[in-house]
Amino acid sequence: RRAMTLSRRAFLALPLAVAASELSAQTAWYAVRGPGNAFIVDMPGEPVYKVIDTQSPRGTAFAYHSYSLDYRRLSFVAQTAQLPADVDLRQPRAYLQSVLDDRAQRLAGGKWTSVNWRDVQGAPAADSIGSVQGGSVLRQLVLLKGRRYVSLAYLAPADALRTPEADRFFGSLRLGA
């Protein structure tokens, strides 16, 4: 009888242990720091870091610093670049609109479902949502702080657009110097 009680306890405790480990996994967030502390943003795990060499329309070389993470059914990407002097930023909103227009070409229907213009910590920004072929949804926040460009992107199935992970990712952004 005592052995049965212990095995019953173990059986009942197992779901609690599994739930506790899942909760622990959900709270193991990683603070991603952009180059030169350009930004800090939280991701639900350690991302893959890549430097993407590119050039401005006038041919000046510069680099995007990209941090990407696939987590369960969700994808998180944070990117930043110090834009070269030959990129015209006199009208930040116009520049950000060109970024959105470029990305929209890859969306279902070729356009964003919604775009919300706002300031993020004093920087002009656009928070946009659009459908991607295959039933996923992309949410992207783009902003300019001086010549510093920052982009946060979140790709998820349509039923996972609003998740605690997405809220924390976007809500955790802290701009640096």
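The rules behind these values
Residues numbered from 1 in each chain as written. Predicted model: local features only at pLDDT ≥ 70, side-chain atom pairs only at ≥ 80, totals over all residues. Heavy atoms only, no water. Salt bridge = Lys/Arg side-chain N within 4 Å of Asp/Glu carboxyl O. Helix = DSSP H or I, 4+ residues; strand = E, 2+ residues; numbered from the N terminus. Buried < 20%, exposed > 50% of the residue type's maximum accessible area, 1.4 Å probe, protein only. Pairing = 2+ DSSP bridges. Polar contact = N/O pair within 3.5 Å; in protein donor to acceptor, adjacent residues only side chain to side chain. Contact = heavy atoms within 4.5 Å. Core = buried A, V, L, I, M, F, W, Y, C linked by side-chain atoms within 4.5 Å.

### Brief notes about the pattern of salt bridges
So, step 1. Under the defined criterion, the tally for this structure stands at 7 salt bridges.
So, step 2. With its nearest N and O atoms 2.7 Å apart, the salt bridge here joins Arg 139 to Asp 127. Of this pair, Arg 139 sits in strand β8 (residues 136-145) while Asp 127 is found in strand β7 (residues 123-132), placing the two residues 12 residues apart along the sequence. There is no split in this pair, since Arg 139 and Asp 127 are both buried.
So, step 3. Each member of the salt-bridge network shares a partner with another, and the members are Asp 42, Arg 168 and Arg 174.

### Examining the sheet that holds strand β10 (residues 174-175)
So, step 1. The strand order β1-β2-β10 describes an open sheet built from 3 strands, whose pairing is antiparallel. Only two strands of the sheet have a single neighbouring strand rather than two, namely β1 (30-33) and β10.
So, step 2. Here β1 runs beside strand β2 (residues 39-43); their pairing, made up of 4 bridges, is antiparallel. Bridge pairing in β2 links Arg 33 to Ile 40.

### What to know about the side chain of Asp 42
So, step 1. Of note, Asp 42 is situated in strand β2.
So, step 2. Within the local environment of Asp 42, its side chain forms a polar contact with the side chain of Arg 168, the two groups lying 3.4 Å apart.
So, step 3. In contact with Asp 42, not counting residues within four places along its chain, are Trp 29, Tyr 30, Ala 31, Arg 168, Phe 169, Ser 172 and Arg 174.

### What to know about the nonpolar core
So, step 1. Judged by nonpolar contacts, the single largest core of 26 residues is most densely connected at Phe 39, Leu 143 and Leu 173.
So, step 2. Going through the elements one at a time, β2, β4 (61-71), β5 (74-82), β7, β8, β9 (148-157) and α3 (164-171) are the ones with two or more residues in this core.
So, step 3. The element contributing the most residues to this core is β9, with 4 residues.
So, step 4. Ignoring sequence-local partners within four residues, the contact set of Phe 39 consists of Val 32, Arg 33, Gly 34, Tyr 67, Ala 78, Thr 80, Val 150, Leu 173, Arg 174, Leu 175 and Gly 176.
So, step 5. Counting residues in hydrophobic clusters, the runner-up holds 19 residues, among them Phe 62, Val 99, Leu 107 and Val 142.

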